Amino acid sequence: LSELYSSWSTLGDIAENFLEAKKLPETLKTFVNTSLGESWEDAGEGIDEIDIWSRRESYTASAMPLGVLVLTAGVDVQDDRIEIEVTGWGVDEESWSVDHIVLTGDPSKPTLWNDLDGALSRRYKREDGRELRIAASCVDTGGHYTQAAYDFCRPRYGQRVYAIKGMAGMGRPVWPKRPSKNNSGRLRLFLVGVDAAKDVVFGRLKVNQLGPDFCHFPAHYDDEYFHQLAAERLITRYRKGIPFREYIRVRKRNEALDLRVYSYAAFVSLNADLHRIAERDQAALVGDVGNDVATPRSASSRR
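Residues numbered from 1 in each chain as written. Predicted model: local features only at pLDDT ≥ 70, side-chain atom pairs only at ≥ 80, totals over all residues. Heavy atoms only, no water.

### Quick word on the overall build of the chain
Of regular secondary structure, the chain possesses nine helices and ten strands. Counting only C-alpha atoms and orienting by the principal axes, one finds that the chain spans roughly 80 × 45 × 40 Å. Among the 303 residues that make up the chain, the fraction classed as buried is 45%. Counting contacts in the chain only where the partners sit at least 6 residues apart, residues at least 24 apart contribute 64% of the total. On the chain, the mean spot of the 41 positive side-chain charges and the mean spot of the 45 negative ones are 8 Å from each other. (Helix = DSSP H or I, 4+ residues; strand = E, 2+ residues; numbered from the N terminus. Buried < 20%, exposed > 50% of the residue type's maximum accessible area, 1.4 Å probe, protein only. Contact = heavy atoms within 4.5 Å. Lys, Arg positive; Asp, Glu negative; His and termini not counted. Charge placed at Lys NZ, Arg CZ, Asp CG, Glu CD.)

Structure, rendered in structure tokens:
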């Protein structure tokens, strides 16, 4: 029961307690719980899905904008399907969601993984007719079909089809310096810092001006995709008075967000020099862009 109903507390006392409690989030939470008798909910930071939905544009996977220079893919394995997002990257990491593919089937059967192989081998055409292949892919192995995902990724490592596992926790880099082999499959497993990746994704989804870091989405994506993209919020919790940030799910399905995170991790793995690729593209040099994306750069030139 709220303390406002109490015969032993005055409104003045309650007001004083409130003014003192609101100085810190943890004491304000205690005041809301005990004095007001209400549950505490941290609103946190989220994504405005309506704003992003309203910015959809008219382009397709078979006629990508000219700004697309490199393609990466994120792959999420569910119990009855595999979902893929193909993302195009341009100068200053402007991005385009090129394709969202849902392959239905049983992940314990080879048929579905054969379909995935075909999807990741596809070439996408730009408006100028140039075709690009997917330069790197991240396949999540943390679900119920870990071994099947390992078996798929192992022989495709040379094609930059990477087995990954998302690891929460602030301070962990998006892409590790080296893979781990501490797994049942003894394969090269990349532990992706999903919180750091979400920080980047959340920040870029809030950019509303065309140009660097802006995220483009095609007009044919439905409402459900954007609901999933905005399915998590960033909140601040306190442990013994020490604040720490944490992403929490506010909707049941968050596949679209996970896919974007995995696709971004695949892009980071390339260490791509997009300006150099743009120069080569403008010069109309013959060759697949995907063969040049992993050109090493000095630390000072990296974004």
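### Describing the packing of aromatic side chains
Evaluation of the coordinates by the stated rule reveals 14 aromatic pairs. Ring geometry for Y157 versus Y162: centroids 5.6 Å apart, planes at 65°, classification edge-to-face. For Y162, a relative accessible area of 11% gives the class buried. Put simply, the rings of Y157, Y162, W175 and F190 touch in pairs and so form one group of aromatic residues. Positioned above the aromatic ring of F152, the side-chain terminus of R156 is 4.1 Å from the ring centre. When the ring centre of Y157 is taken as reference, the NZ or CZ atom of R188 above it lies at 3.6 Å. (Phe/Tyr/Trp six-rings, centres within 6.5 Å; stacked < 30°, edge-to-face > 60°. Lys NZ or Arg CZ within 6 Å of the ring centre and 35° of its normal.)

### Concerning a nonpolar patch on the surface
On the surface, a nonpolar cluster with roughly 570 Å² of combined accessible area is contributed by L1, L4, Y5 and L11. For Y5, the location among the structural elements is in the segment before α1 (11-21). Residue classification places Y5 among the exposed positions, given a relative accessible area of 65%. (Patch = residues over 30% accessible without salt bridge, like charges linked within 9 Å, V, L, I, M, F, W, Y side chains within 5 Å. Areas by Shrake-Rupley, 256 points an atom, 1.4 Å probe, with all protein chains shown as cover. Salt bridge = Lys/Arg side-chain N within 4 Å of Asp/Glu carboxyl O.)

### Concerning the pairing of strand β7 (residues 189-193)
The buried fraction of β7 amounts to four of the five residues, a majority that puts the element mostly inside the structure. The pairing of strand β6 (residues 161-167) with β7 spans five bridges and is parallel. Note on β7: the bridge partner recorded for A163 is L189. (Pairing = 2+ DSSP bridges.)

### Considering the pattern of salt bridges
Across all of its chains, the model carries 18 salt bridges by this definition. Linking E83 and R253 is a salt bridge whose minimum nitrogen-to-oxygen distance equals 3.4 Å. With E83 in strand β2 (residues 81-89) and R253 in the loop between β10 (242-249) and α8 (255-270), the pair connects residues that are 170 residues apart, well separated along the chain. Owing to a relative accessible area of 2%, E83 belongs among the buried residues under this scheme. The exposure class assigned to R253 is partly exposed, which follows from its relative accessible area of 35%. A salt bridge links R156 to D117; the shortest N-O distance between them is 3.0 Å. Here R156 is found in the loop between α5 (146-153) and β6, whereas its partner D117 is found in helix α4 (residues 110-120), with 39 residues between them in sequence. Looking at R156, the relative accessible area reads 17%, which means it is buried.

### Brief notes about the confidence of the model for the chain
A residue-level look at the chain finds 90% of positions with pLDDT of 70 or above and a mean pLDDT of 88. This model gives residues 285-292 a pLDDT under 50, and the stretch forms 15 contacts once residues within four places in sequence are excluded. Within the model, the stretch residues 294-303 combines pLDDT values under 50 with 15 contacts to residues more than four positions away or in other chains. (pLDDT = per-residue confidence, 0-100.)

### So, unusual backbone geometry
For D92, which is not a glycine, the phi torsion comes out positive at approximately 60°. Position of D92 relative to the elements: it lies in the loop between β2 and β3 (95-104). Unusually for a residue other than glycine, N271 sits at a positive phi of about 50°. Topologically, N271 is positioned in the loop between α8 and α9 (274-282). Accessibility expressed as a relative area gives 22% for N271, which makes it partly exposed.

### Structural notes on the nonpolar core
Core analysis: the biggest nonpolar cluster contains 41 residues, and I164, W175, L205, F217 and L229 have the highest contact counts within it. Residue assignment for this core shows that the elements contributing at least two residues are β5 (131-140), β6, β7, α6 (194-205), α7 (223-229), α8 and α9. Ranked by the residues each element gives to this core, the list is headed by α8, at nine residues. Once residues within four sequence positions are removed from consideration, F217 is found in contact with I52, R56, E57, Y59, S97, L205, Y225, F226, L229 and R260. (Core = buried A, V, L, I, M, F, W, Y, C linked by side-chain atoms within 4.5 Å.)

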